Amino acid sequence: MGRTALSPKDDPHPGLGAAVIDALPISLYVVDRKLKLVVWNSRREQGPLGRPRHEVLGRHLRDILGPRGFKATLPTLKRVFETGQIQEETVETGARLFHLRRIPVKRDQTVTHVLCWFEDITEQKALEMRVIASDRLAFLGQLVAGVAHEISNPLAGIAGCAEALASIAMHAPGKTHREAREFRELIRGEVARCERIVRSLLDTARPSQGSSADVAAVVASALRLLDRHPAFSRVRVISRIPADLPAAKIEPDFLKQVVTALAANAARAMSGGGTLSLRAACRNDEIHLDVLDTGPGVPPELRSQIFKPYFTTNPERGTGLGLAIARSLVRGRGGDLALRPRQRPGGSFRVTLKAGANRP
Ligand SMILES: Nc1ncnc2c1ncn2[C@@H]1O[C@H](COP(=O)(O)OP(=O)(O)O)[C@@H](O)[C@H]1O
Ligand SMILES: [Mg+2]
């Protein structure tokens, strides 16, 4: 759109301008000062709102956009003709997002035409949203740093109470005494785990070198804990983790957290009862840990949502962070966490981890 148009005689490439306009990956049209259409590119002919060029050229914009569309467009067009400034906006039509530009075409300082440019930015926007999601996770890291500080006091309190209860139970009969000792060990172990998790969450950004986990042992210890949880009272658990699996390159506490998050989700999805299966195998230096349940599964329209931070279908009890954090933990160690398609109904999540050389 030069300031001085070439006459056909001077134009060394006749018709090239029009061909270029048709080649652009955007849809555009141009109106003159009487709002008659003078350009309608080939993109503009396609799609559900497209119309063939021969039906459109030379006609008034109102006839083409319809009264509503015209009413919405007119003020902006007027502004461009009056001010000679580009006007931009973003609009949503159907499921797609468009960036609209109304660009003045000037000749000898006067705006003779306006170019209306529609760029489909749906994918670009989706990418931006993913970046925002990862920013939110970074923010979460900072939040955890604050929480870590606050949480160490109550943890110390809980550990102290467990000790006190155990010493009270010293004088109780044998079985109670034994049970109290068992619970004390459990609480001690879990308090220590919380402390380690909180500490290591502080630097998830810095992958620690050389940590490795015995998958079978971690799964067994996560399940021992969940076994006592009321949500698991109607859940049958089948765990088939080969004992000779190589170690996985991840901190055992992180893996335990991932397994706990997936198992807790599965139990919640099967509140009426069902079966939770854990299986693992090693292929090509990768360990696959599958967590399967017999609940209703994840509806197709939610598949792309569930890993987003704060996405939950259970706002009363969920935080929507379980899967987001679990995924960032394994990804931080070169692995992945994904929802897998399944023939039968039910949830199916796969944790992929790098296999270490030796068992821990
Ligand atoms: N095993 C599963 N079966 C069905 N839906 C699931 C399963 N696991 C996760 N989801 C869905 O993913 C959402 C996000 O999970 P998560 O990040 O753990 O957050 P929360 O558990 O707090 O809701 C859940 O609210 C649920 O809708
Ligand atoms: Mg959860």
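Quick note: structure is the one above.
Worth saying up front: this structure is predicted, and the values here are computed from it rather than measured.

Scanning the protein for helices and strands turns up seven helices and ten strands. Put simply, the protein has 360 residues, and 22% of those count as buried. Partitioning the intrachain contacts of the protein with sequence separation of at least 6 by distance along the chain shows that 60% fall at a separation of at least 24.

Look at any regular strand and the pattern is simple: side chains alternate between the two faces of the sheet. The pairing of strand β1 (residues 27–32) with strand β5 (residues 110–120) spans six bridges and is antiparallel. Its bridge partner lying in β5, D32 is registered against H113. Relative to β5, strand β4 (residues 96–107) runs antiparallel, the two sharing ten bridges. Bridged to F98 within β5 is D120. Hairpin connection of β4 to β5: two residues between the antiparallel strands, including D108 at a positive phi of 50°.

The next thing to look at is helix α2 (residues 61–83). Between the first and last C-alpha of α2 there are merely 20 Å, a value that for 23 residues lags more than 12% behind the 33 Å anticipated at 1.5 Å per step. By the largest-angle criterion, P67 marks the main kink of α2, which is about 105°.

Here the focus is the sheet that holds strand β9 (residues 336–339). Taken in spatial order, the five strands make up an open sheet running β6-β7-β8-β10-β9, and their pairing is mixed. The sheet terminates laterally at β6 (235–240) and β9, the two strands that pair on one side only. Within this sheet the neighbouring strands show an average axis-to-axis angle of 15°, counted without direction. As judged from the four bridges shared by β9 and strand β10 (residues 348–354), these two strands associate in the antiparallel manner. What sits directly across from L337, in β10, is V351. Across the sheet, helix α6 (residues 252–269) lies against β6, β7 (274–283), β8 (286–293), β9 and β10, angled at about 20° from β8, the strand it touches most.

Every one of the 21 residues lining ligand 1 counts as a neighbour, but N265, T312, G318, G322 and G347 are closest to it. Broken down by secondary-structure element, the contributors of at least two residues to the shell around ligand 1 are α6 and α7 (322–331). No other element matches the four residues that α6 contributes to the shell around ligand 1. By residue class, the composition of the shell around ligand 1 is nine nonpolar, eleven polar and one charged.

Along the chain, A280 turns up in strand β7. Classification of A280 by C-beta neighbours within 10 Å gives buried; the count is 20. Separated by 39 residues in the primary sequence, A280 and I241 place their C-alpha atoms 5.2 Å from one another. What A280 contacts, discounting residues up to four positions off in sequence, is V215, I241, P242, L245, I287, H288 and L289.

Cut-off values and rules
Residues numbered from 1 in each chain as written. Chains lettered and ligands numbered in written order. Predicted model: local features only at pLDDT ≥ 70, side-chain atom pairs only at ≥ 80, totals over all residues. Helix = DSSP H or I, 4+ residues; strand = E, 2+ residues; numbered from the N terminus. Buried ≥ 20, exposed ≤ 12 C-beta atoms within 10 Å, placed from the backbone. Contact = placed C-beta atoms within 7 Å. Pairing = 2+ DSSP bridges. Expected span 1.5 Å × (residues − 1). Bend = angle between axes of the 7 residues up to and from the residue. Axes fitted to C-alpha atoms, helices over the stretch in contact; angles between N-to-C directions. Near = placed C-beta within 6 Å. Nonpolar A, V, L, I, M, F, W, Y, C, P; charged D, E, K, R; others polar.

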